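A closer look at the structure
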Amino acid sequence: MSPRTKAQNKEIREQSRQQIIDAAFELFAETGYQKTSIAAISKKAGISKGLIYHYFESKEDVLIGIFEMLTAMGDQIIDAGQEKSPKEHLKEVITQTFTFIEHQYGLGKLMISLALQPDALEPLKAQIREGNHHQIERFAEIFEELGYQEPTAEAYTLGAMLDGAMLGFITMGNDYPLEQIKQLILKKYELN
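Remember, it's a predicted structure, so these values are computed and weren't measured experimentally.

1. Topic: unusual backbone geometry
Unlike most non-glycine residues, Glu-190 shows phi in positive territory, near 55°. One can find Glu-190 in the segment after α10 (178–188).

This is the structure in C-alpha cells:
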C-alpha cells in the first residue's frame, strides 16, 4: 500500500471535521447546546474525543464551526443569480431559501433552537451581527436596484417573512403551506 498523498490527507481531514460538525448540529438541535457533551458528539460521529480536540478546541469551537457552515450556505443562497437582473436575482434568492427550508430541516431546526438558547449564542454574537448585517445589506442592494424607496426596511421585511416561513415549517412540518407562502412572497414582489 502506497502512502497517502497530501490531497488524500486533506480530504480525510475535511471529512472528519464535517462528521463532527454534522453530529454536533444534530445533537445541538435535538437536545440543546448546553446538554450536549463532547462525549455525546464523539459517540454520534463515531470518532474518538481526542480526534474532536484535534479539529476543535472546545464545544464552543464546534458551534462556531457550525455557524461558519451556515453562514457560507446563506452567502451561497444570497449570491445565487447575482449575474441576473435584480428581479431574477431576488426570485432566485427566495426560491433557494424555500428549497433550503424544505430540504435542510435539521439545519433550520438548529438555527431556531440556537436562537432560543441565548447562552449558546454568546460566543457567536459578533459573527451573527456581522452575518445579519451582510445579508440585510445584500437584500437592500437588490431592493435599491428595484427602485424601492426604503430598501433597508424592505430587506428586513423580507428577512422576517423568510424567518417566519422557516419557523412555521419547523413547528408544523408538512401541515405548513410552504409552497403557498413562497408563492405569496413571490407575488408580493411581482416575481411570478
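2. Structural notes on the layout of surface pockets
The computed volume of the largest pocket comes to approximately 1,000 Å³. Lining of the largest pocket is provided by 30 residues; of these, Met-111, Asn-132, Gln-135, Asp-163 and Met-166 occupy positions nearest its centre. Going through the elements one at a time, α4 (59–79), α5 (86–103), α6 (105–115), α8 (125–145) and α9 (151–172) are the ones with two or more residues in the lining of the largest pocket. Sort the elements by how many residues they give to the lining of the largest pocket and α4 lands first, with eight residues. Residue composition of the lining of the largest pocket, by class: 20 nonpolar, eight polar and two charged.

3. Observations concerning the nonpolar core
Formed by 52 residues in total, the largest nonpolar core has its most connected members in Ile-41, Ile-66, Ile-94 and Leu-158. The leading source of residues in this core is α4, at nine residues.

4. Topic: the packing of helix α1 (residues 6–31) against helix α2 (residues 38–45)
Running from amino to carboxyl end, α1 crosses α2 at an angle of 120°, the nearest separation of the two axes being 8 Å. The angle between the axes of α1 and α2 places the two elements in the oblique class. For the pair α1 and α2, the crossing hand works out as right-handed. Between α1 and α2, the residues in contact are Gln-19, Ile-20, Ala-23, Ala-24, Glu-26, Leu-27 and Phe-28 and Ala-40, Ile-41, Lys-44 and Ala-45, respectively. In terms of residue class, the contact of α1 with α2 is made up of eight nonpolar, one polar and two charged.

5. Quick look at the side chain of Lys-59
Tracing the sequence through the fold places Lys-59 in helix α4. When its relative accessible area of 17% is taken as the criterion, Lys-59 is described as buried. Within polar-contact distance, the side chain of Lys-59 engages the backbone oxygen of Tyr-33 at 2.8 Å. There is a polar contact of 2.8 Å between the side chain of Lys-59 and the backbone oxygen of Thr-36.

6. Things to note about the packing of aromatic side chains
Taken as a whole, this structure holds four aromatic pairs when the rule is applied. Relative to Tyr-189, the ring of Phe-143 has its centre 5.2 Å away and its plane inclined at 40°; by these criteria the two rings are tilted. On the criterion of sequence distance, the pair formed by Phe-143 in helix α8 and Tyr-189 in the segment after α10 is long-range, its members being 46 residues apart. With a relative accessible area of 4%, Tyr-189 lands in the buried category. Following the ring pairs from residue to residue traces out a cluster consisting of Phe-143, Tyr-148 and Tyr-189. Seen from the ring of Tyr-33, Lys-59 lies directly overhead, with NZ or CZ sitting 4.5 Å from the centre.

7. Overview of α1
Here α1 contains 26 residues, and its C-alpha end-to-end distance of 37 Å stays within 8% of the 38 Å for a straight helix at 1.5 Å per residue. Where α1 is concerned, the buried positions are Ser-16, Ile-20, Ile-21, Ala-23, Ala-24, Phe-25, Leu-27, Phe-28 and Ala-29. Gly-32 sits one or two residues past α1 and shows a positive phi near 95°.

8. Section: the environment of Leu-116
Along the chain, Leu-116 turns up in the loop between α6 and α7 (118–121). What makes Leu-116 exposed here is its relative accessible area of 68%. A C-alpha to C-alpha distance of 28 Å links Leu-116 and Asp-79, two positions 37 residues apart in sequence.

9. Points about the pattern of salt bridges
Here the structure, examined in full by the defined rule, presents six salt bridges. For Asp-79, the salt bridge identified is with Arg-138, shortest N-O distance 3.2 Å. You can see Asp-79 sitting in helix α4 and its partner Arg-138 sitting in helix α8, a full 59 residues away along the chain. Owing to a relative accessible area of 32%, Asp-79 belongs among the partly exposed residues under this scheme. When its relative accessible area of 13% is taken as the criterion, Arg-138 is described as buried. Lys-188 is the salt-bridge partner of Glu-154, the closest N and O atoms lying 3.3 Å from each other. Residue Glu-154 is located in helix α9, and its partner Lys-188 is located in helix α10; the two are separated by 34 residues in the primary sequence. Since its relative accessible area comes to 13%, Glu-154 is described here as buried. Note on Lys-188: relative accessible area 42%, which makes it partly exposed.

Reading guide: rules and limits
Starting from 1, residues in each chain are numbered consecutively following that chain's sequence as written. A pLDDT threshold of at least 70 governs which residues receive local features in this predicted model, and a stricter bar of 80 or more applies before side-chain atom pairs are shown or counted, although totals over entire chains, interfaces and linings include all residues. The side-chain numbers reported here are obtained from all heavy atoms of the structure, hydrogens and water having been left aside. Helix and strand assignments follow DSSP, with helices taken as H or I runs no shorter than four residues and strands as E runs no shorter than two, numbered in order from the N terminus. Using a grid of 1 Å spacing that covers the protein atoms alone, one calls a set of points a cavity when a 1.4 Å probe fits there but cannot get out, and a pocket when the set is open and has protein on both sides within 12 Å along at least five of seven lines; lining residues are those with an atom within 4 Å of a point. Grid points are joined across faces, edges and corners, and a volume is the space filled by probe spheres set on the points. Polar here means any residue other than Ala, Val, Leu, Ile, Met, Phe, Trp, Tyr, Cys and Pro, which are nonpolar, and Asp, Glu, Lys and Arg, which are charged; Gly is therefore polar. For our purposes a nonpolar core is just a set of buried Ala, Val, Leu, Ile, Met, Phe, Trp, Tyr and Cys residues, chained together by side-chain atoms within 4.5 Å. To sort residues, take the accessible area from a 1.4 Å probe on protein chains only and compare it with the maximum for the residue type: under 20% means buried, over 50% means exposed, and anything in between is partly exposed. Axis lines are fitted through C-alpha atoms, for helices just across the contact stretch, and the angle between N-to-C directions can take any value from 0 to 180 degrees. Oblique is the label for every angle not falling under 35 degrees (roughly parallel), over 145 degrees (roughly antiparallel), or within 65 to 115 degrees (roughly perpendicular). Rotating anticlockwise by less than a right angle from the far helix to the near helix defines a left-handed crossing, while the corresponding clockwise rotation defines a right-handed one. Two residues qualify as a contact provided that any one of their heavy atoms is within 4.5 Å of a heavy atom in the partner residue. Two N or O atoms count as a polar contact when they lie within 3.5 Å, although within protein this holds only if one can serve as hydrogen donor and the other as acceptor, and sequence-adjacent residues are included solely when both atoms are side-chain atoms. For Phe, Tyr and Trp, rings pair up if their centres lie within 6.5 Å, where Trp contributes its six-membered ring, and each pair is then called stacked (planes under 30 degrees apart), edge-to-face (over 60) or tilted (otherwise). By definition, being over a ring means that NZ of Lys or CZ of Arg is both within 6 Å of the ring centre and within 35 degrees of the ring normal. What a helix is expected to span follows from its residue count: subtract one and scale by 1.5 Å. One speaks of a salt bridge when a side-chain nitrogen belonging to Lys or Arg is within 4 Å of a carboxyl oxygen belonging to Asp or Glu.

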